[in-house]
Amino acid sequence: MKELDYFFPKTLEEALQIKNELKGSIRVIAGGTDLVVRLKQDQVNEDMLLDVSRLEELKGIEDKGDMIYIGAGTTHTEILENPLIKDKAPILYDAVKSIGSPQIRNIGTIGGNVANASPAGDSIPALFVLLAKLHLKSVDGVRSVPIEDFFLGPGKTAIKDNEIIIGIELDKMQEKDIGFFRKVGQRKGTAISVVNAAVRLTKDSVPNKFSKAFVALGAVAPTVVRAKIVENAILSETLDSLDKIMYISRLVYREVSPITDVRGSLEYRRDVSINIVYEGLADLFLNGFRR
Ligand SMILES: Cc1cc2nc3c(=O)[nH]c(=O)nc-3n(C[C@H](O)[C@H](O)[C@H](O)COP(=O)(O)OP(=O)(O)OC[C@H]3O[C@@H](n4cnc5c(N)ncnc54)[C@H](O)[C@@H]3O)c2cc1C
């Protein structure tokens with residue numbers, strides 16, 4: 001592993017000044033669970049690290065009425081321990097619960113999971129269906145980017161050279177909202193997803209009908225994708241039988257473009273992405289679409 005200069009700012013303002021001065025030659029490090037692995041494999045170009053792990057301004061979870069705000073430096077464990085997330089963003093709760101091991105969740109952050117821009121990042125499909133917005137800050141101010149516009153490819157994001165992610169704002173789920181996060185990995189425990197999926201539906205007054213549908217899949221394309229054909233089918237159909245749910249789930253096939261890699265073949269990933277949506281929707285149906 002190469003030698004690196006390490007910056008330990010005490011405030012966000014100081015961190016932003018350093019980032020602004022050194023721009024693309026310095027890399028942010030939060031929990032380091034992703035970055036240290038890549039540093040050890042000599043996959044990081046920068047020679048300087050900007051440690052944001054102790055910045056209080058990046059920590060914590062706030063109730064913002066219809067929205068929830070999560071500081072980028074909040075760890076996965078802190079998210080799981082917060083009753084607001086369990087109650088009002090259960091899809092994110094289940095996604096975060098599936099990440100790594102307790103040790104990884106104790107130090108890994110949600111900002112790191114998003115900024116890492118892995119197509120298999122587990123918080124990302126959940127944040128897609130909760131219509132999350134990323135708050136990016138530089139010395140010039142804050143801008144808010146919808147999560148769908150944030151990912152440009154594997155490991156590539158819309159963060160500018162002088163910006164840091166400071167937080168994530170997401171929809172609170174309301175009484176009529178139901179949904180799920182599901183993941184298939186190679187084995188139980190710390191497995192990275194072969195395919196993951198998040199679904200959020202808003203119930204209509206007519207039984208088995210929905211007024212809003214959001215479906216997102218991970219590890220099936222260069223970035224997490226919204227499955228809009230599936231969403232439209234859910235909105236136009238009545239989900240009143242397992243056959244109907246299977247018909248809708250099969251449409252996933254038209255939305256994914258997976259690759260073959262060490263974790264699974266293209267064909268396997270395509271089949272799993274259909275099954276994962278089917279099983280999640282079927283469970284909701286068999287439970288009478290109750291939360
Ligand atoms: C054994 C193991 C198991 C794992 N299992 C899973 C899993 O099941 N699911 C999963 O999704 N991930 C998994 N991961 C990956 C990783 O733990 C998570 O992605 C974690 O959330 C990363 O957060 P971090 O704070 O450690 O990020 P870091 O490693 O510190 O940083 C990751 C990237 O994000 C950037 N970054 C971090 N914070 C910011 C910020 N505030 N602003 C701008 N850029 C920032 C860094 O520059 C770097 O490029 C696993 C990793 C390991 C080692």
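This text gives an overview of the structure that appears in the document. The structure displayed is predicted, hence computed values, not measured ones. (Residues numbered from 1 in each chain as written. Predicted model: local features only at pLDDT ≥ 70, side-chain atom pairs only at ≥ 80, totals over all residues. Heavy atoms only, no water.)

1. Examining the packing of helix H11 (residues 242-250) against helix H12 (residues 266-286)
Consideration 1: At a minimum axis distance of 9 Å, the contact between H11 and H12 shows a crossing angle of 150°. Between H11 and H12, the interaxial angle falls into the category roughly antiparallel. Two packed elements cross with a definite hand, and for H11 against H12 that hand is right-handed. Two secondary-structure elements touch here, H11 through Leu-242, Ile-245, Met-246, Ser-249 and Arg-250 and H12 through Ile-274, Val-277, Tyr-278, Leu-281, Ala-282 and Phe-285.
Consideration 2: Here the contact of H11 with H12 is composed, by residue class, of nine nonpolar, one polar and one charged. (Axes fitted to C-alpha atoms, helices over the stretch in contact; angles between N-to-C directions. Helix = DSSP H or I, 4+ residues; strand = E, 2+ residues; numbered from the N terminus. Parallel < 35°, antiparallel > 145°, perpendicular 65-115°, else oblique. Left-handed = near helix turned anticlockwise from the far one by under 90°. Contact = heavy atoms within 4.5 Å. Nonpolar A, V, L, I, M, F, W, Y, C, P; charged D, E, K, R; others polar.)

2. With respect to the site of the ligand
Consideration 1: Neighbouring residues of the ligand: 31 residues in total, closest Arg-27, Val-28, Thr-33, Asp-34 and Thr-109.
Consideration 2: Gly-100 is positioned such that a nitrogen or oxygen atom in its backbone is 2.9 Å from an oxygen atom of the ligand.
Consideration 3: The side chain of Asp-122 places a nitrogen or oxygen atom 2.7 Å from a nitrogen atom of the ligand.
Consideration 4: For the ligand, whose free accessible area comes to 990 Å², the fraction covered by protein is 89%.
Consideration 5: Secondary-structure elements contributing two or more residues to the shell around the ligand are strand S2 (26-29), helix H2 (35-40), helix H7 (110-115) and strand S10 (164-171). (Near = heavy atom within 4 Å. Polar contact = N/O pair within 3.5 Å; in protein donor to acceptor, adjacent residues only side chain to side chain. Areas by Shrake-Rupley, 256 points an atom, 1.4 Å probe, with all protein chains shown as cover.)

3. Observations regarding the sheet that holds strand S12 (residues 193-203)
What links the strands of a sheet is backbone hydrogen bonding, and the strands pair in either a parallel or an antiparallel sense.
Consideration 1: Reading across from one edge, S11-S12-S13-S14 is the order of the four strands in this open sheet, with antiparallel pairing throughout. On the outer flanks of this sheet lie strand S11 (177-185) and strand S14 (225-226), each paired with one strand and no other.
Consideration 2: Where S12 lies against strand S13 (residues 210-218), eight bridges are found, and the strand directions are antiparallel. Considered in S13, the bridge of Arg-200 is made with Phe-214.
Consideration 3: Seen against the sheet, helix H5 (residues 90-97) touches S11 and S12 and runs at an angle of roughly 15° to S11.
Consideration 4: Contacts from H12 reach S11, S12 and S13, with the element oriented near 145° to S11. (Pairing = 2+ DSSP bridges.)

4. Considerations on the pattern of salt bridges
Consideration 1: The full count for this structure, using the stated rule, is 14 salt bridges.
Consideration 2: The salt bridge partner of Asp-122 is Lys-183, with a shortest N-O separation of 2.6 Å. Within this pair, whereas Asp-122 is found in the loop between H7 and helix H8 (123-129), its partner Lys-183 is found in strand S11, the two being separated by 61 residues in sequence.
Consideration 3: Lys-183 gets classed as partly exposed once you look at its relative accessible area, which sits at 22%.
Consideration 4: The network of salt bridges with shared partners includes Glu-148, Arg-226 and Glu-231. (Salt bridge = Lys/Arg side-chain N within 4 Å of Asp/Glu carboxyl O. Buried < 20%, exposed > 50% of the residue type's maximum accessible area, 1.4 Å probe, protein only.)

5. What to know about unusual backbone geometry
Consideration 1: If you check the backbone angles, Asp-42 has positive phi at about 55° while not being a glycine.
Consideration 2: The topology assignment puts Asp-42 in the loop between H2 and strand S3 (48-51).
Consideration 3: Exposure remark for Asp-42: the relative accessible area of 54% places this residue in the exposed category.
Consideration 4: One non-glycine residue, Ala-117, adopts positive backbone phi at about 55°.
Consideration 5: For Ala-117, the location among the structural elements is in the loop between H7 and H8.
Consideration 6: Judged by relative accessible area, Ala-117 falls into the buried class, the value being 3%.

6. Comments concerning the sheet that holds strand S4 (residues 61-64)
Consideration 1: One open sheet holds the five strands; their spatial order is S4-S5-S10-S6-S7, and the pairing between them is antiparallel. Unpaired on one side and paired on the other, S4 and strand S7 (141-146) mark the two borders of the sheet. In this sheet, adjacent strand axes meet at a mean angle of 25° when their direction is disregarded.
Consideration 2: Relative to S10, strand S5 (residues 67-71) runs antiparallel, the two sharing five bridges. Across the sheet, the residue bridging to Ile-68 is Leu-170, located in S10.
Consideration 3: In this fold helix H1 (residues 12-22) packs onto strand S6 (133-138) and S10, with an angle of close to 120° to the strand it touches most, S10.

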